[in-house]
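Fold and geometry: a report
Here is what each chain is made of, one letter per residue.
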Amino acid sequence: MNSIDYSMTFEQLAEPRPLIAKHYYSGFSRAHDTYNALSAASDGKIYYLLSSDNHEIGGQMFVYDPAIDSTQHLGDLTDICGETHLKAIPQGKSHVRFYERNGKLYFSTHVGYYQLIDGMDRLPEQAPEGYALYPGGHFLSYDLQTGAFEDLALVPNGEGMVSMTMDRDRGHLYGISWPYGNFIHYDTEQKTLNNLGPISHKGEAGTPGSDFRSLCRSLFVDAELGDVYFSVADGDIFTYNPETQILHKLENVDLRLDYFGKYDPTRPGSMCYNWREIFWHPKEQVAYGVHGNSGYLFRFDPRAEKIELVERITSEPSRKSGMFDQFSYGYLGFQLGPDGETIYYLTGGPIYQHGRRIKGEDQIAKGAARGLENLHLITYHLPTHTYKDHGAIFYEDGARPTYVNAIAVGTDGSIYTLARFEHEGTIIQDLVKIPNPFSINRH
């Protein structure tokens, strides 16, 4: 078990005491790593998906009610999509957050069962015996009042959705398919789907060293103008407007910044120059994003086509080490809090044994942890430019939460994520609750 080492240095003793998180078992014994699929809704509850990497069963949707400290199963993704009878590779997961509009949560589905080819996760070309190939992801909605799901549209060409955002005012869903990286636009009111084609060579279906490109995991919408933005591995930024239905590259700004590092965008194993996660700040009318590998917080004004670095918001131990963290793509647990002023970020922190930093693998060919690390909660208060590392996070038994790539902030300030832990002798991933860091004294 990956547990805390209580033999601390003087420098470590000066840091806050660890935050103690509580993990929940929702009832899905095959739960695998989940990315992004966790959100707080207006009813005060936390909605989340647990992924499956198995061809026999799909991902499962749950809700957690903080008022009664209890989880509830809402449905199987394959069943929700009406595909149980197909006996095909199932809807293994959702790779996106939930977006609330007019009492409904909108999201999309993705494949969870892969073929591992040359160390890379690939869309299966051969289905397991007795199964059909993956039929493609779906756009879905969930009614918060009635509990009814609606299947809105099927993603074309048998691809899943690796990223998605929503223009809540106009009812448009935008996303990027996997593995070929097609830009997809779905209008929830007109019930029309438009495939704008590939955004970045052959995406993650390409050949490393040639037409392979890591695909953007986060898009945002300028809420006032209705323009949507995303990045590509080469560092360019693209925008799309539903009125013109044209994709075009911004000519006066890009993400090829020295501080982000130097990358070969044709190689797998990092997000390259892509931003890792980004959100629109309605008050400032700019976007705030984080670059995955370097951990730099940046401010992006799409109207002025200008990017400014704000601060490196990795953990304090990472900042002191000067090294990248262990997760090869960076971290998706990054969002603006309910106060509209504070950014919350779950990120890595190096582990030291006998005064030396534990070193992971130099290079891997997919999004995964190169080595063991701690989990830290960072907050950044935008009006006062205040960075704070609230310390490492552990379970009550001293074990470390790992493979963390989701975040939601509850109405009481509690932080929610999805992380690995041991349950009845098996490592699974499930819901984790971290106490409000501003309501306790831990020094």
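Residues numbered from 1 in each chain as written. Predicted model: local features only at pLDDT ≥ 70, side-chain atom pairs only at ≥ 80, totals over all residues. Heavy atoms only, no water.

Here we look at the pattern of salt bridges
Cut-off, in case you're wondering: Take a side-chain nitrogen of Lys or Arg and a carboxyl oxygen of Asp or Glu: if they are within 4 Å of each other, that pair is a salt bridge. Only runs of H or I of at least four residues qualify as helices and only runs of E of at least two qualify as strands under DSSP, and these elements are numbered from the N terminus.
Going through the model one piece at a time under the given rule, you end up with 19 salt bridges. Its salt-bridge partner being R101, residue E189 comes within 2.8 Å of it at the nearest N-O pair. Here R101 lies in strand 6 (residues 99-101) and E189 lies in the loop between strand 14 (182-187) and strand 15 (192-198), a separation of 88 residues in the sequence. Here D167 makes a salt bridge to R170, at a shortest N to O gap of 2.9 Å. The structure contains a network of salt bridges with shared partners spanning K104, E150 and K191.

Digging into the pairing of strand 32 (residues 426-434)
Put simply, the test is: When a residue's accessible area, from a 1.4 Å probe over protein chains only, is under 20% of the maximum for its type it is buried; when over 50% it is exposed; and in between it is partly exposed. By this definition, two strands are paired if DSSP reports at least two bridges between them.
Burial analysis of strand 32 places seven of its nine residues in the buried class, which makes it a mostly covered element. Where strand 1 (residues 19-23) and strand 32 come together, two bridges link them in antiparallel fashion. Bridged to K22 within strand 32 is K433. With nine bridges connecting them, strand 31 (residues 415-423) and strand 32 associate as antiparallel partners.

Quick look at the packing of aromatic side chains
Rule in force here: Pairing of aromatic side chains requires ring centres within 6.5 Å, counting the rings of Phe and Tyr and the six-membered ring of Trp. Pairs whose planes differ by under 30 degrees are stacked, by over 60 edge-to-face, and all others tilted. For a lysine, the NZ atom is tested; for an arginine, the CZ atom; a charge sits over a ring if that atom is within 6 Å of the ring centre and within 35 degrees of the ring normal.
Here the structure, examined in full by the defined rule, presents 27 aromatic pairs. Sitting above the plane of the Y131 ring, K87 keeps its charged end 5.2 Å from the centroid. Geometry around Y387 places R319 over its ring, the cationic atom sitting 3.7 Å from the centre.

Here we look at the environment of Y416
Here is the rule: Contacts are assigned to residue pairs with any non-hydrogen atoms lying within 4.5 Å of each other.
With respect to the helices and strands, the residue Y416 is situated in strand 31. Overall, the relative accessible area of 0% leaves Y416 in the buried class. Taking the C-alpha atoms as reference, Y416 lies 28 Å from Y273; in sequence the two are 143 residues apart. In this view, Y416 contacts L38, I46, Y64, P66, A406, I407, A408, G410, L431, V432 and K433; residues no more than four positions away in its chain are not counted.

Digging into the state of the cysteines
Selection criterion: For the purposes of this analysis, a disulfide is any pair of cysteine sulfur atoms at a distance within 2.5 Å.
Under the defined criterion, the tally for this structure stands at zero disulfides. The thiol of C272 is not disulfide-bonded; the next cysteine sulfur, from C216, is found 12 Å away.

Observations concerning unusual backbone geometry
Of the consecutive residues W178 and P179, the connecting peptide bond is found in the cis state with omega at 15°. One non-glycine residue, Y403, lies in the positive phi region at around 55°.

Quick notes on the nonpolar core
Put simply, the rule reads: For the purposes of this section, nonpolar cores are sets of buried Ala, Val, Leu, Ile, Met, Phe, Trp, Tyr and Cys residues that join through side-chain atoms within 4.5 Å.
Core analysis: the biggest nonpolar cluster contains 38 residues, and F230, I237, W275 and F300 have the highest contact counts within it. At the level of elements, strand 13 (172-178), strand 16 (220-221), strand 17 (228-231), strand 18 (237-241), strand 20 (275-281) and strand 22 (296-301) are the ones that each hand at least two residues to this core. When residues no more than four places from it in sequence are discounted, the contact partners of F300 are F220, Y229, I237, L250, V253, W275, I278, V286, A287, K306 and I307. Core analysis: the second largest hydrophobic core is formed by 29 residues, L49, V63, F98 and I184 among them.

Focus on the layout of surface pockets
If a probe the size of a water molecule is rolled over the atoms, the empty space left behind becomes visible. Worth spelling out the cut-off: A 1.4 Å probe that fits but cannot get out identifies a cavity on a 1 Å grid over protein atoms alone, an open set with protein on both sides within 12 Å along at least five of seven lines counts as a pocket, and a residue lines either if it has an atom within 4 Å of a point. Grid points are joined across faces, edges and corners, and a volume is the space filled by probe spheres set on the points. Under this grouping Gly is polar, as are all residues other than the nonpolar Ala, Val, Leu, Ile, Met, Phe, Trp, Tyr, Cys and Pro and the charged Asp, Glu, Lys and Arg.
Put simply, the largest pocket is a space of about 1,000 Å³. Contributing elements (two or more residues each) for the lining of the largest pocket: strand 2 (38-40), strand 6, strand 12 (160-167), strand 16, strand 20, strand 24 (334-336) and strand 30 (408-409). The residue makeup of the lining of the largest pocket, split by class, is 20 nonpolar, twelve polar and eight charged.

Points about the side chain of E277
Basically, it comes down to this: Residues counted as positive are Lys and Arg, residues counted as negative are Asp and Glu, and His and the chain ends are not counted. Within 3.5 Å is the distance limit for a polar contact, defined as a pair of N or O atoms, with the added protein rule that one can donate a hydrogen and the other accept it, and that residues adjacent in sequence qualify only through two side-chain atoms.
By secondary structure assignment, the location of E277 is in strand 20. Of the side chains bearing the opposite charge, R97 lies closest to the buried E277, which forms no salt bridge; the N-O distance is 4.2 Å. A distance of 2.9 Å separates polar atoms of two side chains, one belonging to E277 and the other to S218. When residues no more than four places from it in sequence are discounted, the contact partners of E277 are N36, R97, S218, Y288, G289, V290, L332 and F334.

Some points on the side chain of R312
With respect to the helices, strands and loops of the structure, R312 is situated in strand 23 (residues 306-312). Using a relative accessible area of 14% as the deciding quantity, one classes R312 as buried. Here S294 takes part through its backbone oxygen, which lies 2.7 Å from a polar atom of the side chain of R312.

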